[in-house]
Amino acid sequence: MILDTNALSAFVDGDARVGDVLRRQPRAAIPVIVLGEFRYGIAESRRRSAYEAWLPTHLPHFDLLAVTDDTAIAYATLRVALKRKGRPIPANDAWIAALALQHRLPILSRDEHFDVVPDLDRRSW
């Protein structure tokens, strides 16, 4: 399962429901895009030091998904298809969706716009 930024944030904040979902998964992954969004979000947070301390301790328990040429192909194909349908999604989320499709993993997110991505299994908590 791939965590979107809102799922990662909820998990780091101790949301037990996200932990329950993750415990039932054979694989938990964080796209590098999500890591960047998370780091950007905590940059000016009042809890910045706590969040930054969480990362080196817990990040090794997740697979970190990098963007590759195969990801770029999936991304471009997805963006074109969604544009033609008149249903574009934010660019970062298109990268995250492309990684989910490439790795054939469901995505844990509260963002309903992922639901327009063909063959993507979005789950919430």
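Nothing here was measured: the structure is a model prediction, and the numbers come from that model. (Residues numbered from 1 in each chain as written. Predicted model: local features only at pLDDT ≥ 70, side-chain atom pairs only at ≥ 80, totals over all residues. Heavy atoms only, no water.)

With respect to the packing of helix 1 (residues 5–12) against helix 2 (residues 16–23)
- Across the interface, helix 1 lies against helix 2 with an axial gap of 7 Å and an inter-helix angle of 110°. Judged on the interaxial angle alone, helix 2 and helix 1 are roughly perpendicular. In this structure, helix 1 meets helix 2 at a crossing whose hand is left-handed. On the side of helix 1, the interface is formed by Ala7, Ala10 and Phe11, while helix 2 contributes Val18, Gly19 and Leu22.
- Looking at the contact of helix 1 with helix 2 residue by residue, the classes come out as five nonpolar, one polar and no charged. (Axes fitted to C-alpha atoms, helices over the stretch in contact; angles between N-to-C directions. Helix = DSSP H or I, 4+ residues; strand = E, 2+ residues; numbered from the N terminus. Parallel < 35°, antiparallel > 145°, perpendicular 65-115°, else oblique. Left-handed = near helix turned anticlockwise from the far one by under 90°. Contact = heavy atoms within 4.5 Å. Nonpolar A, V, L, I, M, F, W, Y, C, P; charged D, E, K, R; others polar.)

Digging into the pattern of salt bridges
- For the coordinates displayed, the defined rule picks out seven salt bridges.
- Put simply, Asp20 and Arg23 hold a salt bridge, and the shortest N to O gap is 2.5 Å. Separated by three residues within a single helix, Asp20 and Arg23 lie in helix 2, roughly one turn from each other.
- Between Arg123 and Asp121 there is a salt bridge, with the nearest N and O atoms lying 2.7 Å from each other. (Salt bridge = Lys/Arg side-chain N within 4 Å of Asp/Glu carboxyl O.)

A word on helix 1
- For helix 1, the complete set of buried residues consists of Thr5, Ala7, Leu8, Ala10 and Val12.
- Each element contacted by the buried residues of helix 1 is listed here: strand 1 (2–3), helix 2, strand 2 (29–31), helix 3 (32–42), helix 4 (48–58) and strand 4 (107–108).
- Where helix 1 ends, the next residue or the one after it, Gly14, has phi of about 90°, a positive value. (Buried < 20%, exposed > 50% of the residue type's maximum accessible area, 1.4 Å probe, protein only.)

A few points about unusual backbone geometry
- Although it is not a glycine, Arg104 adopts a positive phi angle of roughly 55°.
- Relative to the helices and strands, Arg104 is located in the loop between helix 6 (91–103) and strand 4.
- If you check the backbone angles, Asp119 has positive phi at about 65° while not being a glycine.
- Note that Asp119 resides in the loop between strand 4 and strand 5 (122–123).

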